[in-house]
Amino acid sequence: MKKANFIVSGVFAAFAIAIIAISMGYPPSNHGVPGPGMFPILIASLILISALVLVIQTLRMPKTGDTAIDLKSKNVLNVYITMAGLIVYIVLMPMIGFIVATSIMLVLYIKWFGKRPWWKCILISVVFTIAIFLLFGSVLNVPMRFGLLI
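Below is a summary of the structure that appears in this document.

Conventions we followed
- For every chain, the first residue of its written sequence is number 1, and the numbers climb from 1 along that sequence.
- In keeping with the model being predicted, local features are shown solely for residues with a pLDDT of at least 70 and side-chain atom pairs are shown and tallied solely at 80 or more, while totals for entire chains, interfaces and linings include all residues.
- Excluded from the side-chain calculation are hydrogens and water; included are all heavy atoms of the structure.
- In summary, the pairing rule links any two rings of Phe, Tyr or Trp, Trp by its six-membered ring, whose centres are within 6.5 Å, and it sorts them by plane angle into stacked for under 30 degrees, edge-to-face for over 60 and tilted for everything else.
- The numbering of helices and of strands both runs from the N terminus, where a helix is a DSSP run of H or I of at least 4 residues and a strand a run of E of at least 2.
- Burial classes: relative accessible area under 20% of the type maximum marks a residue as buried, over 50% as exposed, and values in between as partly exposed (1.4 Å probe, protein chains only).
- Here, a charge over a ring is recorded when the distance from Lys NZ or Arg CZ to the ring centre is within 6 Å and its angle to the ring normal is within 35 degrees.
- Here, nonpolar core means buried Ala, Val, Leu, Ile, Met, Phe, Trp, Tyr and Cys residues that are tied together by side-chain atoms lying within 4.5 Å of each other.

### Examining the packing of aromatic side chains
Under the counting rule described, the total for this entry stands at 2 aromatic pairs. An angle of 25 degrees between the planes, with centres 6.4 Å apart, marks the rings of Phe98 and Phe133 as stacked. One end of the pair, Phe98, is in helix α4 (residues 98–114); the other, Phe133, is in helix α5 (residues 118–139), and 35 residues separate them in sequence. Judged by relative accessible area, which is 9%, Phe98 ranks as buried. For Phe133, a relative accessible area of 12% gives the class buried. Here Tyr109 and Phe113 contribute two aromatic rings whose centre-to-centre distance is 6.0 Å and whose plane-to-plane angle is 50 degrees, an arrangement assigned as tilted. Taken together, the positions of Tyr109 and Phe113, both in helix α4 and 4 residues apart, correspond to about one turn of that helix. The ring of Trp112 carries Lys115 above its face, with NZ or CZ at 5.2 Å from the centroid.

This is the structure we're talking about:
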């Protein structure tokens, strides 16, 4: 487990440093209004701090706390399914649009993890997707139209 913790913290630290480096190239703030790089830098800084905390906790971990990780358990299988689903979602979203791709992804995730009836999965995913679309598209004025559908 110690080895896995060091690998995970290293990957996340490298990711956070890359995001900070990219975000530093964004325009600066204007008259006290934060620029577009503030939020990514803030989140990446929190990720970097979390990675450092994980390293410190792993170094302080007693030898008895170092257990093997079962990479074939049901919980780990759920992580693999989630990661694969997100990769498919990212690939499909520019092609078929935000609303359709997000609705399909949420229906499948809710059905897989929540074990709810299909009609509830569809209702929850459509309502949530439209709420997110309206929040970002109308209230926050973030352009959300891309892909063939919406």
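### Focus: the nonpolar core
Judged by nonpolar contacts, Tyr89, Met93, Phe98, Ala101, Met105, Leu106, Val107, Tyr109, Ile110, Cys121, Phe133 and Met144 together constitute the single largest core of 12 residues. Looking at this core, the elements with two or more residues in it are α3 (74–96), α4 and α5. Broken down by element, the residue count for this core peaks at 7 residues, all from α4.

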